[in-house]
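# A structural walkthrough
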Amino acid sequence: MEKRILFRVDGYRELGLGHIYNCLTLAEHMKNCQVLFVLHKRSDLGVKKIADSKYKYHVIETDKDIPAIITEFNPDIWVNDCLDSDESFIRMVKNSVPRVVTIEDRGTGIKVADIVINALYEDMEEKNVYSGWQYACLRKEFLDSEPIVFREKVSNVVILFGGTDPSNYNKMLYKVIMEIGSRYHDIRFNFITGFGYDAEKNGIITSEEDNIYVYSNVKRVSKYMKEADIAITSQGRTIFELAAMGVPSIVLSQNEREQTHTFAQMEHGFLNLGLRDVSADLVKNTLDWLINTPPIRRNMHDLMLRLPMKSGVERVKKLILNL
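Now for a look at the structure at hand. Given the structure is predicted, the values throughout are model-derived calculations rather than measurements.

As a further point, take a nonpolar patch on the surface. Together, Met266, Trp289 and Ile296 line one region of the surface with nonpolar side chains, adding up to about 250 Å² of accessible area. You can see Ile296 is positioned in helix H11 (residues 294-305).

Okay, structure coming up:
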């Protein structure tokens, strides 16, 4: 008998689209299940992304709309990927749904959820919490891709700050690369901008004479990672994709919550520069140094490839379905 799974998830500019992509990845692995996405009306970008997929979805005004949706869809499993949950809300859902799973959750709801899956956090001690990179869910394109072959000489740098880039790091990096690009005529700089980011409005445009190329809303990000010798990114789930590809990476946090994500450290092959008020000079000097230190990049690459990143999605699927 096929399971009925309801994904409660949001995605808008301030939040980003990482939760949306994560739930879409999980849904793709639930081939024998009926799936429904439920999003709040403020999730304009998330609704558009789900609408472009093959999955059914429902938009709610408030949480008061949820009991009617539960009655109509009658889910066997509720998957909540909306950051910190509230205990009273999770109890309300559990009154009607046999199994409740929450994701990226450090709220009071974790006390009553059946299980909690927190790939972006490490060493949470609650007995029902599964935390750490072992539970990262890679998209199919990364499951199917081989990691990069390390090169001593840098010929390609990729810059990617997720679906919305709320701190507008793209703009800072564009200026940085304009400043240092004249020293690196043989390096191509690829900006991969997301579904909810207006690159042209922010002045992020292709400039071939500066070896800067801008690609918006690309279908396969792995193609650009595969060509990269260095990546610059934020601390969302993209860090797991870069680790799977073995791309030495410089990381900036978009907000204080991202700063609590502990995976992107040197022990896993990342140079972490911290919070969003990091200076452009620090980014410029770090990139300049990394380009010119092949032994450091090789070590970062090797550290990443020690991690069996591709097993996470199947592990999470089994937890959700209680297999």
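Quick look at the pattern of salt bridges now. Following the criterion strictly, the structure yields 19 salt bridges and no others. We note a salt bridge from Asp186 to Lys153, for which the minimum N-O separation is 2.7 Å. Taken together, the residues span a long stretch of sequence, with Asp186 in the loop between helix H6 (169-180) and strand S9 (188-193) and Lys153 in the loop between helix H5 (140-143) and strand S8 (156-160) at a distance of 33 residues. Note on Asp186: relative accessible area 41%, which makes it partly exposed. For Lys153, a relative accessible area of 56% puts it in the exposed group.

Of all eight residues that make up helix H8 (residues 238-245), eight are buried, and the element is covered over most of its length. All of the buried residues in H8 are Thr238, Ile239, Phe240, Glu241, Leu242, Ala243, Ala244 and Met245. Where H8 terminates, the next one or two residues include Gly246, which has phi positive at roughly 75 degrees.

Our next topic: the sheet that holds strand S13 (residues 270-272). Within the open sheet, the six strands sit side by side as S10-S9-S8-S11-S12-S13. Their pairing is parallel. The open sheet has two edge strands, strand S10 (212-216) and S13, and neither has a second partner. Within the sheet, the average angular offset between the axes of one strand and its neighbour, ignoring direction, is 20 degrees. Alignment of S9 against S10, held across five bridges, turns out to be parallel. Of the residues in S10, the one forming a bridge with Thr193 is Ser216. Where H6 meets the sheet, its contacts fall on S8, S9, S10, strand S11 (230-234) and strand S12 (249-252), and the angle it forms with S9 comes to roughly 170 degrees. Sheet strands touched by H8: S8, S11, S12 and S13. Its angle to S11, the strand with the most contacts, is close to 160 degrees.

Following both chains from N to C, one finds helix H1 (residues 18-28) and helix H2 (residues 44-51) inclined at 25 degrees, their axes separated by 10 Å at the closest point. Between H1 and H2, the crossing angle belongs to the class labelled roughly parallel. The handedness of the crossing between H1 and H2 comes out as right-handed. In this structure, H1 uses Ile20, Tyr21 and Leu24 to contact H2, whose residues at the interface are Gly46, Lys49 and Ile50. When its residues are assigned to classes, the contact of H1 with H2 shows four nonpolar, one polar and one charged.

This part takes up the pairing of S9. Where burial is concerned, most of S9 is hidden: five out of the six residues are buried. Bridge analysis of S8 against S9 gives five bridges, and the strand direction is parallel. Bridge pairing links Leu160 to Ile192 in S9.

Turning next to the packing of aromatic side chains. Here the structure, examined in full by the defined rule, presents nine aromatic pairs. Seen in terms of ring centroids, Tyr130 and Tyr135 are 5.8 Å apart; in terms of plane orientation they differ by 65 degrees. Their pairing is edge-to-face. Judged by centre distance (5.0 Å) and plane angle (50 degrees), the ring pair of Phe240 and Phe263 falls under tilted. Placement of the pair is Phe240 in helix H8 and Phe263 in the loop between helix H9 (256-259) and S13, with a sequence separation of 23 residues. With a relative accessible area of 2%, Phe240 lands in the buried category. Judged by relative accessible area, which is 0%, Phe263 ranks as buried. Joined through ring pairs, the aromatic side chains of Phe7, Phe37 and Tyr55 make up one cluster.

Strand order in the open sheet made by the seven strands is S3-S2-S1-S4-S5-S6-S7, with parallel pairing throughout. Taken across any chain shown, the strands that pair with only one partner, and hence form the sheet edges, are strand S3 (56-60) and strand S7 (129-131). Strand-to-strand, the axes of this sheet are offset by a mean angle of 20 degrees, without reference to chain direction. In the packing of helix H12 (residues 312-321) onto the sheet, the strands contacted are strand S1 (4-9), strand S4 (77-81), strand S5 (99-103), strand S6 (115-118) and S7, and the crossing angle to S6 comes to about 160 degrees.

Following the criterion strictly, the structure yields zero disulfides and no others. In this model Cys137 remains outside any disulfide bridge; the closest cysteine sulfur is found in Cys23, 9.1 Å from its own.

To continue, consider the pairing of strand S2 (residues 34-40). Buried residues dominate S2, accounting for six of its seven residues. In terms of strand pairing, S1 meets S2 through five bridges, oriented parallel. If you follow Arg8 over to S2, its bridge partner there is Val38. Read as a crossover between parallel neighbours, the route from S1 over H1 to S2 is right-handed. When S2 meets S3, the two strands line up parallel, connected through five bridges. Residue pairing in the sheet places His40 in a bridge with Ile60 of S3. The handedness of the S2 to S3 crossover, carried by H2, is right-handed.

Procedures and definitions
Residues numbered from 1 in each chain as written. Predicted model: local features only at pLDDT ≥ 70, side-chain atom pairs only at ≥ 80, totals over all residues. Heavy atoms only, no water. Patch = residues over 30% accessible without salt bridge, like charges linked within 9 Å, V, L, I, M, F, W, Y side chains within 5 Å. Areas by Shrake-Rupley, 256 points an atom, 1.4 Å probe, with all protein chains shown as cover. Salt bridge = Lys/Arg side-chain N within 4 Å of Asp/Glu carboxyl O. Helix = DSSP H or I, 4+ residues; strand = E, 2+ residues; numbered from the N terminus. Buried < 20%, exposed > 50% of the residue type's maximum accessible area, 1.4 Å probe, protein only. Pairing = 2+ DSSP bridges. Axes fitted to C-alpha atoms, helices over the stretch in contact; angles between N-to-C directions. Contact = heavy atoms within 4.5 Å. Parallel < 35°, antiparallel > 145°, perpendicular 65-115°, else oblique. Left-handed = near helix turned anticlockwise from the far one by under 90°. Nonpolar A, V, L, I, M, F, W, Y, C, P; charged D, E, K, R; others polar. Phe/Tyr/Trp six-rings, centres within 6.5 Å; stacked < 30°, edge-to-face > 60°. Disulfide = S-S within 2.5 Å. Right-handed = clockwise from strand over helix to strand, strands pointing away.

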